[in-house]
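# Fold and contact review
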Amino acid sequence: MDCKIGKLATLLVAVVLTFGFVTTASAQVFTGRIDVTVEDATGGRLPGVNVDLSGPVNQSQITDSQGQAHFLNLTVGTYTVKASLSGFNPYSNASVVVAAGAATPVSVRLAVAGTAETVNVVGATPIIDIKKQTTSTNVTLEELQNIPTARDPWVVMQTVPTIVVDRVNVGGSESGQQSNYFAKGAVGGDNTWNIDGIPITDMAATGSTPTYYDFDMFQEMQITTGGADAQSATPGVQLNFVLKSGTNTPHGSARFFFENEDLQGNNLDSTLAKAIGGSTDACKNSGYTEHCGNRTDTYKDRGFEVGGPIMKDKLWAWGSFGQTNVRNITLNGVKDATQLQDFSIKVTAQPTSAIRPEFTAFRGNKTKQGRSAGPTRPDETTWDQDGPTTIYKGQVNFVIGQNLFVAARGAHMPSGFQLAPRGGLTTQAFRDVSRVWHGSYLDYSSDRPTDTVLADANVFRGRHEVKFGFGWRKAQVLSQTTWPGNNIYTLARSTYPTNGAMLAFVTRPNRSNNQGRYANAYVGDTISMDRLTVNLALRWDRNVSDALVTAQPANGAVPNLVPALTAPAIDDAVKYQLVSPRAGITYKLDSAGKSLLRASYSMFSSQLGSASGGFASAASYAYAVYFATDRNGNNIAEPNEFTSLFFTYGFNPANPSAPISYNKVDPDLKAPKTHEFLAGVDHELMPNFGLSGTFTYRRFNDLIWNPLIGVTRNDYVVDQVLTGNISPVGSFSQNVYALREDKAPVGSGRFRTNRPSYHQRYWGFEASATKRMANRWMGRFGFSTNDHREYFDDPNVAIQDPTPTVSLLACCDPNTLENGGPVMVRSTGSGKSGLYLVNPKYQFIANGLVQGPWGINFGANWLLRQGFAQPFFAGSTETNDPVNGTKDVMVVKSVDTFRLDAVSSLDARVEKAFKFNRTSIMLDLDIFNIGNSATVLGRQYDINAAPGATGPNQILEIMNPRIMRLGVRLTF
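Note that the coordinates shown come from a computational prediction; the quantities given were computed from them, not determined experimentally.

### Some points on the packing of aromatic side chains
With the rule as written, the count across this model stands at 38 aromatic pairs. Plain terms: the ring middles of Phe677 and Tyr697 are 6.4 Å apart, the flat faces sit at 40° to each other, and that makes the pair tilted. Here the residue Phe677 occupies a position in strand E41 (residues 673-686), and Tyr697 occupies one in strand E42 (residues 689-701), the gap between them amounting to 20 residues. Since its relative accessible area comes to 42%, Phe677 is described here as partly exposed. Three or more aromatic residues joined by ring pairs make a cluster, and in this case those are Trp383, Trp437, Tyr441, Trp483, Tyr489, Phe505, Tyr621, Tyr623, Phe627, Phe646, Phe647 and Tyr649. Between Arg752 and the ring centre of Phe615, over which it is positioned, the NZ or CZ distance is 4.1 Å.

Below, the structure is given as structure tokens:
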């Protein structure tokens, strides 16, 4: 099959070279480009003009028959463009700005020699990209360094319209853990991460990053949320980091930021303090360590980066080191300590003007003590985390003649991490009736090596620009999950401790061994016709996950109940393949290109996780659930306390050691598809100030579904009717369904297929205003409104179990079953109480910097968004369902019947800058959560939780209080 992939890629390249099809110019997502057009005084195009480029990259070109010269794969920065032709006065522009993924047009008009002196252009580079086919935001170095933020990628993404981030990061309090985020209806698993053009997305946890970053590594960030770029495979957020580089001019920076308890306020009034089980006086007397809200104990961020020439004009180097320490105190006084440490180095050479090789090495490591600490996870049930990620990346850019540009890139990325429970591997874990864990927790380890090869090329032919490329990637994941003690964990039933009733989950140490193989190719045509630009493109993707040979050990206490087995390998266990078209147009309303209309259609495919093949393996997760009675009062279920089998999952209790996969995959499984229609307008209001508005419509279909094999909706019967009256829900009555015993498939087998008669719809509008740094100020403003809903076109086909549920498991999506209702996504993460994300109907962001007199500068950053959903449910409701004996049953009519309060956060900076020639020293005072808000971010939505500190509707998480950050920065 790999041979067929290679042949197809070769065929696509041959087609491109023969017929000259291409894609959008702005597809170079981590680099930029400059397109120079040279005319004479009458407007006629001038071929044969020498155009010289100098700056971070030095190149020379001669204009073609269309009077154009193109400089591609340029490092982000500011350049000087010079043009000269015998008989004409020379031209020079020293302020041409190149942004990531953008095409910067430069119009040159040469006057006949003797009519004037050299033309020295001082005007601003156009802020409108006339070839733009995406909805994207470029966050510049000035903004990254001078706007007060928590200094991680997730808080930057939060400033982009339509992106929803699950948490509020006050002064770095959340920087020790990844945030969950999504945009425009795309699932978080479709988000992608890239460093200097290399995809680094963790394919075992699609949508997440495999590492953390030194914030001062970045020259720029480009964040894309939609559009017709054929290099974007998925509809998710595309995040592209542009690392700094060495240049002919030595440059560097160093910093130190600091926070502690003495710089922090108290945002609890007496009512709120009492609601979380404390009091304002008790908090002060205890040093803010018990029931005092979410707080920061200490925060330190230090590091440096430096770059410069090794051999001027030929060889450059750059490197950085960064370390961030975040120590938090959770709502119930448990400490969570994180250290992030990063090293990076980049070496760039230019042996000739036509060849530019580059090598980058990066190592990031996160160590954490107390991961997932919170009201329901006391210290002994938290994790200690460790595990580095290393990235080795090589790249070579070629300029072949005047019309062919090629970039080849490759990377090797060994990565992995371990989560060790602080309670150890000998103590059994149990959860009480208040939904609080005790004893210990599961142990997890994972190795995830990845290899990547990419190539892209541009060919220019008259009004056409040829762009084509291919990519290949392999990502393996070898993981093990072990419950400590005897591989049994216990959940107390709602009647405990009255009669000691428990549920015992009997597991085996679960090992999974899978790999993902990914191939893609794309081809298209960008046609420039005066004011009109047309983009046509075609992309092909093939994603495969294989299940590798896997040995599963037996349960440690009762090996006869859940015995050992060895699962055979399955090639192509799960496979997606899709050819997706892209088409877009842009039209300049004026000859100068200051107003632009744009529209596009795109089809996207979802990502396939590298571990997806494990679904079809005999080594898929399996367990048996027993009723048990705690006769000795130790809160844990022991084998001699089992009373009867409740239900099983993932194996056949009649033949438990058989290496058989009870799950099946549809041989006609299709890749989930997103159809996107986009229309927008961009306008340059004044130099360096642009406005933009975009309307987006998306339809999602062929979404993945895992129904029970051979089961239909008609096989479910009403098992019970849940009724009650509880605040704030009020009275409720909800049918709970159970599968008929005779319809239960062997081994609880499921069938992975595309969900029939079902689709999702998203529409949204976003507006933004961007002011580049000029005239002593800069700023960005954004607004978005979003609506994402799901539709069951034929409920009898699209729904299997009619019970509306909201899962407490990170693996599973909520099954709210409301036709036309809002789509809800559950967010998980270290210390999170369980956040339920429904797209906000409104979201505002604004940030800016003003350079005042005497080197005193002022910056601010503001966010306002609608609160998230409160989907109250009756957790662990026991049923007679032979496959799913406990269900988390929704008791509200709609997932957004109740919402948390809106989140508003305002941060500010006052800075004093001292300048000594090329060296600057900045003293920063940052204040986060200026209003000292105590907005509730999470509650206990399980109405079956026992009354108390973690009982129904109790507050589990609030916004961190106001805190000041002291900082000193040096740049040269």
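### Here's the deal with the sheet that holds strand E14 (residues 218-227)
If you walk across this open sheet you meet the five strands as E9-E14-E15-E12-E13, and the pairing is mixed. What marks the edges here is a single partner per strand, and that holds for strand E9 (134-139) and strand E13 (198-199). Pairing between strand E12 (residues 192-195) and E13: two bridges, direction antiparallel. Note that in E13 the partner of Ile195 across the bridge is Ile198.

### Topic: the sheet that holds strand E7 (residues 103-110)
With respect to topology, three strands assemble into an open sheet ordered E4-E1-E7, the strand pairing being mixed. Only two strands of the sheet have a single neighbouring strand rather than two, namely strand E4 (68-74) and E7. Pairwise comparison of adjacent strand axes, ignoring direction, gives a mean angle of 15° for this sheet. Sheet topology note: the strand E1 (residues 32-40)/E7 ladder contains eight bridges and is parallel. By the bridge assignment for E7, Thr37 is matched with Ser107.

### Describing the pattern of salt bridges
Oppositely charged side chains can pair when the atoms bearing their charge come close. One pass over the full model with this rule turns up 44 salt bridges. For Arg151, the salt bridge identified is with Asp301, shortest N-O distance 2.8 Å. Of this pair, Arg151 sits in the loop between helix H2 (141-146) and helix H3 (153-157) while Asp301 sits in strand E17 (residues 295-311), placing them 150 residues apart in sequence. In this structure Asp301 comes out as buried when scored by relative accessible area, which is 2%. Ionic contacts of the salt-bridge type, sharing partners, join the residues Arg909, Glu911, Asp924, Asp926, Arg965 and Arg969 into one network.

Here is what the cut-offs are and how they apply
Residues numbered from 1 in each chain as written. Predicted model: local features only at pLDDT ≥ 70, side-chain atom pairs only at ≥ 80, totals over all residues. Heavy atoms only, no water. Phe/Tyr/Trp six-rings, centres within 6.5 Å; stacked < 30°, edge-to-face > 60°. Helix = DSSP H or I, 4+ residues; strand = E, 2+ residues; numbered from the N terminus. Buried < 20%, exposed > 50% of the residue type's maximum accessible area, 1.4 Å probe, protein only. Lys NZ or Arg CZ within 6 Å of the ring centre and 35° of its normal. Pairing = 2+ DSSP bridges. Axes fitted to C-alpha atoms, helices over the stretch in contact; angles between N-to-C directions. Salt bridge = Lys/Arg side-chain N within 4 Å of Asp/Glu carboxyl O.

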